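Examination of the molecular architecture
Residue-level listing of the chains:
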2 protein chains.
Amino acid sequence: MSEIYNGMWQRLGLNLEAHHELLKTLGVFYSDIYLSQKDRPKAMEYFDFVMSEVHGLRIQELQEAKANGRRVIGTFCVFVPEELILAVDGVCIGLCAGAEVGIYQAEQYLPRNTCSLIKSFFGFKLAGLCPFTNSCDLVIGETTCDGKKKAYEIFGGFQPVYVMEVPQTKSEAAHRLYESEVVRLKDHLEAVSGKKITVKALNQAIRLVNRRRRGLQRLNRLRFASPAPVSGLDALLVNQVAFYDDPVRVTEAIERLCDEIEDRIKANQGVKPVGAKRILVSGCPMAIPNWKIPMIVEQAGAVIVGEESCVGERHTKNTVKEDLTDLNDILHAIARRYMQIDCATFTPNEERMDHIIELVRKTEAQGVIHYAIQFCQPYTIEAKRVEERLRLEGIQYLRIETDYSLQDLEALKTRIEAFLETL
Amino acid sequence: MSEIYNGMWQRLGLNLEAHHELLKTLGVFYSDIYLSQKDRPKAMEYFDFVMSEVHGLRIQELQEAKANGRRVIGTFCVFVPEELILAVDGVCIGLCAGAEVGIYQAEQYLPRNTCSLIKSFFGFKLAGLCPFTNSCDLVIGETTCDGKKKAYEIFGGFQPVYVMEVPQTKSEAAHRLYESEVVRLKDHLEAVSGKKITVKALNQAIRLVNRRRRGLQRLNRLRFASPAPVSGLDALLVNQVAFYDDPVRVTEAIERLCDEIEDRIKANQGVKPVGAKRILVSGCPMAIPNWKIPMIVEQAGAVIVGEESCVGERHTKNTVKEDLTDLNDILHAIARRYMQIDCATFTPNEERMDHIIELVRKTEAQGVIHYAIQFCQPYTIEAKRVEERLRLEGIQYLRIETDYSLQDLEALKTRIEAFLETL
């Protein structure tokens, strides 16, 4: 990335030297994993460009937005309703981090036995490597898992953090709790932005976010085709970029990509041959640049046809009811939509099992790789339930627990390649 | 323990041989740690007796209660209101387990990175070693931590489990959620027992549980004296036994113990010399026979003067309002009392920090040992906040993270003895 951003990065408090090294490494990593893929849709060029400017142009846009009085709001979880942020003309940025960075600094504050995702967002902050976090006027956390819930208390010592409570069951009382939290967040965002949320602005935001969701849903549906018209790596990247790119622009890019993929399907054109093993990945989110598992799977000749994950299907599968005319009704509809998310932090969470089976059928996946970040208790424990259900349905299953390091790369390759051979 | 219980244990589905070995080991362990203590209050003999019959007489009582139509209800957490169980004439049994038992079996169902407490209650069950669990008509779980929350889903495959939701903040909405869960639990217990909860029965239960709490509060206050009139090991044991012994009988035993301790204080009689280092232990619960830390501390010549823990002060410090006349008001009062518990699963949890400082002042502790079970995210992460607060107040602090094994015994001894020398 060009040195033209050095001034901006310095103003954002980054460690320029370490940041330069990070971008260099990320560039090589991206080139090796992404640009080396064959027969990619041409519309992926947009996403390559976004990635090449991930800490540059997009960060510059955030500074411009801030200069124009807009608030930049960071989130870590698909339970934070982006619609509310957009309705106060805020910019919503996903902050989840996917690289093993600043671990030493993070472990000054967090137990070593903390999941990589949490350590990474601390590490990026503490090592001065994340221009997104440092651009935020506010970070919105939630109580989904114990690790994040308690880590936000410490993170609040570094920059303003607001935490919304997400319940742990789906009882009516739990729905009421979450809805009251949606209202509380609305009030807080109004206070932070100095802007009142109107029915019009909120409906506009809902339509925009729904449109992006529908684009990603369409992308997911197109992946049901055989031969697979797009790689799992590319589909994951699109989902990842959707978290921090401008929502209008990225939606248009997703729609262009889908148009092109439809043409490819008509032309029977795939990224892998028809016989390539089809895999569904299920479990924890994969934040940029956490591409380890899909890289191994696809470099071994298989293709990932779906992500049952927060960075994937779990994030996009439901929409919010549009064009309601009463603000309370709209807030209620938002709360109901978000409470449909089948995150492993809920108990019971049988709908996730049902959904995985449904996805296996639709994508015609031959096997499921359950991916959990080490020390993520909700997903590592729920993995047993997933396993039982898949066994019952006669679906092949591989359970992986790993972190962000590349130390287990060879071991994972061996296990994944052996799994693919059994399919 | 006598072989006279073999028939009962067999009927309960225990693995007799392994169970025999467990009791033998536990007996030696208890004798080494407890009976070797000098100058114990005579009233501790009751607790020695209870321990010697822990899997015998008490289990026989449970079978008799069941034969008389009473339900035996197991719980794992201080958020389950015992008052409701007693109000349907149920027997409430704390099931938390403190020994490294059945780990191999437990790890067939749970990730290796699960805390010892959870692995232990699975292990006891799966290895056929827990006559308490096997006596239960119902086990009541809760959503306090991710580990237990998700583990109950699997545990439900072995015996009936009911889960109540505990919120994660202390907002008014969270209070309402918990109160609705108290009402739901009441309805469920009525259905399970076939008994309607009356105002009279519930008030009686409240008075009984409050009386036991006041007994334990009194015991805690008596420990403020110098020289320490009772060991931390013995005080912990009293708190542990209170979870599964008959509540009337154990309360009387606690009161007799307190009477005797008052006499000791008047006579200036201590279990350790006046100069013995005074330690507050803060953090995770210690279930029977998890006596590793207090054993090391007290065998090194120091004395534990308080437990800021669920098996200790956190469990007993607040009482429920007595003699209300409306059932809804009583349920509300119960909910309010339980929501005062300052468990690390809440965010924020500043009242716990305040309370630790208050306890240090009252007990005149010279240092705090923060004890967390490895992989317990709420307490291991909150430990940092505790550390910051104690440093601010100039209070010495040692942070320990360990499991139920004895493999780190020598390392812990070295660290704890070094810490004691600094005080």
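As shown above, the structure is provided for reference.
Worth saying up front: this structure is predicted, and the values here are computed from it rather than measured.

**Here's the deal with the sheet that holds strand β5 (residues 278–283) of chain B**
All names here are of chain B. Strand order in the open sheet formed by four strands is β6-β5-β7-β8, with parallel pairing between adjacent strands. Each edge of the sheet is formed by a strand with only one pairing partner; in this case those strands are β6 (303–308) and β8 (396–402). The sheet shows a mean angle of 25 degrees between the axes of neighbouring strands, taken without regard to direction. Note: β5 against β6, five bridges, orientation parallel. By the bridge assignment, S282 is partnered in β6 with E308.

**Observations concerning the state of the cysteines**
Residue and element names in this part refer to chain B. For the coordinates displayed, the defined rule picks out zero disulfides over all chains. Lacking any disulfide linkage, C77 is separated from the closest cysteine sulfur, that of C310, by 6.4 Å. C77 sits in the buried class, given a relative accessible area of 13%. Of the cysteine sulfurs around C136, a residue in no disulfide, the closest is that of C130, at 7.8 Å. For C136, a relative accessible area of 9% corresponds to the buried category.

**Some words on the interface of chain A and chain B**
Residue-level contacts link 43 residues of chain A with 43 residues of chain B. Of the roughly 3600 Å² buried where chain A meets chain B, counting both sides, 51% is carbon and sulfur surface. The largest per-residue losses of area from chain A upon contact with chain B belong to K150(A), Q168(A) and I381(A), which jointly make up 18% of the total buried on that side. Summed over the shared surface of chain A and chain B, the number is two salt bridges. Notably, a salt bridge pairs E382(B) with K150(A), separated by 2.5 Å at the nearest N-O pair. Seen at the junction of chain A and chain B, the total is 27 residue pairs in polar contact (both at pLDDT 80 or more).

**As for the pattern of salt bridges**
In total, this model carries 86 salt bridges over all chains according to the counting rule given. The residue R40(A) makes a salt bridge to D48(A) at a minimum N-O spacing of 2.9 Å. Each member of the pair, R40(A) together with D48(A), is buried. Members of the salt-bridge network, linked through shared partners, are K150(A), E153(A), E308(B), R314(B), K317(B), D342(B), R352(B) and E382(B).

**Things to note about the environment of L406(A)**
Residue and element names in this part refer to chain A. If you trace the backbone, L406 turns up in the loop between β8 (396–402) and α19 (409–422). The partly exposed category is assigned to L406, whose relative accessible area is 43%. Measuring from C-alpha to C-alpha, the distance between L406 and I341 comes to 31 Å, with 65 residues separating the pair along the chain. Those residues in contact with L406 that lie beyond four places of it in its chain are F29 and K292.

**Some thoughts on the pairing of strand β4 (residues 161–164) of chain A**
Residue and element names in this part refer to chain A. Here β4 shows a clear split, with Y162 and M164 buried on one side and none of V161 and V163 buried on the other. The sheet contact formed by strand β3 (residues 138–142) and β4 spans four bridges and is parallel. If you follow I140 over to β4, its bridge partner there is Y162. In this region the chain leaves β3, passes through helix α9 (residues 146–155) and returns to the parallel neighbour β4; the handedness of that crossover is right-handed.

**Observations regarding the packing of helix α3 (residues 44–52) of chain A against helix α13 (residues 247–266) of chain A**
How two helices pack is summed up by the angle between their axes together with the distance between the axes. Residue and element names in this part refer to chain A. In the contact formed by α3 and α13, the axes pass within 9 Å of each other and the chain directions differ by 145 degrees. Of α13, the residues touching α3 (which contributes M44, Y46 and F47) are R249, V250, A253, I254, R256 and L257. In terms of residue class, the contact of α3 with α13 is built from seven nonpolar, no polar and two charged.

**Let's talk about the relation of the copies chain A and chain B**
For the pair chain A and chain B, the relating rotation is 180 degrees, the translation along its axis is 0.0 Å, and the fit reaches an RMSD of 0.0 Å. Within this description, the copies of the chain are treated as partners about a two-fold rotation axis. Of all interface residues in chain A, 100% are interface residues in chain B too; the two copies therefore contact each other through one and the same surface.

**Brief notes about the sheet that holds β8(A)**
Residue and element names in this part refer to chain A. Pairing is parallel across the open sheet formed by four strands, whose spatial order is β6-β5-β7-β8. For this open sheet the edge positions go to β6 (303–308) and β8, each flanked by a neighbour on one side alone. Adjacent strand axes in the sheet meet at a mean angle of 25 degrees, parallel and antiparallel pairs treated alike. Along the sheet face, helix α14 (residues 292–299) touches β5 (278–283), β6, β7 (367–373) and β8 and points at about 150 degrees away from the line of β6. Along the sheet face, α19 touches β5, β7 and β8 and points at about 170 degrees away from the line of β8.

**Considering the side chain of K186(B)**
Residue and element names in this part refer to chain B. Looking at the element boundaries, K186 is found in helix α10 (residues 172–193). For K186, a relative accessible area of 9% puts it in the buried group. Engagement of the side chain of K186 in a polar contact is seen with the side chain of D187, the distance being 2.9 Å.

**Examining the packing of aromatic side chains**
The full count for this structure, using the stated rule, is 39 aromatic pairs over all chains. Pairing F76(A) with F155(A) gives two aromatic rings, centres 6.2 Å apart and planes at 80 degrees, and the pair type is edge-to-face. One end of the pair, F76(A), is in the loop between β1 (72–75) and α5 (82–87); the other, F155(A), is in helix α9, with 79 residues separating them in the sequence. Taking the relative accessible area as the measure of exposure, F76(A) reaches 4% and is therefore buried. Centre to centre, the rings of F29(B) and W291(B) are 5.9 Å apart; their planes meet at 25 degrees, and the pair counts as stacked.

**Comments concerning the nonpolar core**
Of all hydrophobic cores here, the largest spans 272 residues; its most connected members are F47(A), W291(A), F47(B) and W291(B). Sequence-distant contacts of F47(A), defined by excluding residues within four places in its chain, comprise Y30(A), L237(A), V238(A), V241(A), V250(A), A253(A), I254(A) and L257(A).

**Overview of the side chain of R223(A)**
All names here are of chain A. Turning to its location among the elements, R223 is positioned in the loop between α11 (199–222) and α12 (232–241). In this structure the side chain of R223 is engaged in a polar contact, spanning 2.7 Å, whose partner is the side chain of E307. Discounting residues that sit within four places of it in the chain, R223 has contacts with P229, V230, G232, A235, R278, I304, V305, G306 and E307.

**Concerning helix α12 (residues 232–241) of chain B**
Buried residues dominate α12(B), accounting for ten of its ten residues. Turning to α12(B), its buried residues are G232(B), L233(B), D234(B), A235(B), L236(B), L237(B), V238(B), N239(B), Q240(B) and V241(B).

**Concerning the environment of R214(B)**
Residue and element names in this part refer to chain B. Inspection of the secondary structure puts R214 in helix α11 (residues 199–222). Overall, the relative accessible area of 40% leaves R214 in the partly exposed class. Spatially, the C-alpha atoms of R214 and E255 are 9.3 Å apart, while their sequence positions differ by 41 residues. Setting aside residues no more than four positions away along its own chain, R214 makes contact with T319 and E322.

About the cut-offs
- Residues numbered from 1 in each chain as written.
- Chains lettered and ligands numbered in written order.
- Predicted model: local features only at pLDDT ≥ 70, side-chain atom pairs only at ≥ 80, totals over all residues.
- Heavy atoms only, no water.
- Pairing = 2+ DSSP bridges.
- Helix = DSSP H or I, 4+ residues; strand = E, 2+ residues; numbered from the N terminus.
- Axes fitted to C-alpha atoms, helices over the stretch in contact; angles between N-to-C directions.
- Disulfide = S-S within 2.5 Å.
- Buried < 20%, exposed > 50% of the residue type's maximum accessible area, 1.4 Å probe, protein only.
- Contact = heavy atoms within 4.5 Å.
- Buried area = accessible area lost by both parts, 1.4 Å probe.
- Salt bridge = Lys/Arg side-chain N within 4 Å of Asp/Glu carboxyl O.
- Polar contact = N/O pair within 3.5 Å; in protein donor to acceptor, adjacent residues only side chain to side chain.
- Right-handed = clockwise from strand over helix to strand, strands pointing away.
- Nonpolar A, V, L, I, M, F, W, Y, C, P; charged D, E, K, R; others polar.
- Least-squares fit on C-alpha atoms with pLDDT ≥ 70 in both.
- Phe/Tyr/Trp six-rings, centres within 6.5 Å; stacked < 30°, edge-to-face > 60°.
- Core = buried A, V, L, I, M, F, W, Y, C linked by side-chain atoms within 4.5 Å.

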